[in-house]
Amino acid sequence: QSNTFSLEGQTMAPWKFKYAEIRIKGGLNYARKKSNSDTYEDSLTEDVLDDRIIVNGKLKGINDKPETEYNTPWRLYTDIVTRFPRWNLTWTNTFNYTAGYTAWDTSTVNCATDNHSACGSYTGTATEYNKLKFANAFTLDWHFSYDIPMGRNKKLTFNADIHNVLDRTIK
């Protein structure tokens, strides 16, 4: 199941100053995808149906695999685009705020040797699912664009991007 919703807005015209023009735009993205399959190619053959998993400390069959979430629930962003016409330069600041979310981490448990409490009398291997929580994240990205006029409504553009300007570590 997948759902994506977006809302975006921007100023109708740039604010004009002596050396610069500023335009602001921003938006909100909400995305949700739930699946209990890692890929479209997952298939349940006879030997896969015998696999065991451990979820919340309980041994279960592969059909009880938890739903996985691959998208962050929502993202809020604002772009401040500053254009310096005299120098043919544009500088864009993008402020991103991404909501925290939970995901599953997996590890392999050998019930015969690992002495895991969920295994009981089962002696094969199992995939253990552990829930991870990721915190909210704020990042700042810069985009620079420099135009060289080439005559007859043509231009050569050079772009440079600096991602994560604040150098924040995001899990």
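Shown above is the structure to which this text applies.
Conventions and cut-offs
- In every chain, residue numbers begin from 1 and rise along the written sequence.
- Two thresholds apply to this predicted model, a pLDDT of at least 70 for residue-level local features and 80 or more for giving and counting side-chain atom pairs, whereas whole-chain, interface and lining totals are computed over all residues.
- Based on all heavy atoms of the structure, the side-chain values leave hydrogens and waters out of the count.
- By convention in this document, the label disulfide applies to cysteine sulfur atom pairs within 2.5 Å.
- Using a 1.4 Å probe on the protein chains alone, a residue whose accessible area is under 20% of its type maximum counts as buried, one over 50% counts as exposed, and one in between counts as partly exposed.
- Put simply, two rings from Phe, Tyr or Trp (the six-membered ring, in Trp's case) pair if the centres are within 6.5 Å, and we call them stacked under 30 degrees between planes, edge-to-face over 60, tilted for the rest.
- Elements are defined by DSSP. Helices are runs of H or I of four residues or more, strands are runs of E of two residues or more, and each kind is numbered from the N terminus.
- Only strands joined by at least two bridges in the DSSP assignment are considered to pair.
- For every element, the axis is a line fit to its C-alpha atoms; helices are fit only across the contacting stretch, and the angle between N-to-C directions ranges from 0 to 180 degrees.

### A closer look at the state of the cysteines
For the structure on display, the rule yields 1 disulfide. Paired through a disulfide, Cys-111 and Cys-119 show a sulfur-sulfur distance of 2.0 Å. Across the disulfide from Cys-111 to Cys-119, rotation about the S-S bond amounts to roughly -65°, and the bridge is consequently left-handed. Looking at Cys-111, the relative accessible area reads 8%, which means it is buried. By relative accessible area, which is 4% here, Cys-119 ends up buried.

### A few points about the packing of aromatic side chains
Per the stated rule, a full pass over the model turns up 10 aromatic pairs. Between Tyr-101 and Phe-134, the aromatic rings sit 4.8 Å apart at their centres with planes inclined by 20°, giving stacked as the arrangement. Separated by 33 residues along the polypeptide, Tyr-101 in strand β9 (residues 101–110) and Phe-134 in strand β10 (residues 125–134) bring together distant segments of the chain. Classification of Tyr-101 by relative accessible area gives partly exposed; the value is 26%.

### Let's talk about the sheet that holds β9
Overall, mixed pairing links the 4 strands, which are arranged β5-β4-β10-β9 in an open sheet. The open sheet is flanked by β5 (58–61) and β9, the only strands paired with a single partner. Put simply, the sheet's adjacent strands are angled 35° from each other on average, direction ignored. Here strand β4 (residues 52–55) runs beside β10; their pairing, made up of 4 bridges, is parallel. Looking across to β10, one finds that Ile-54 is bridged to Glu-128.

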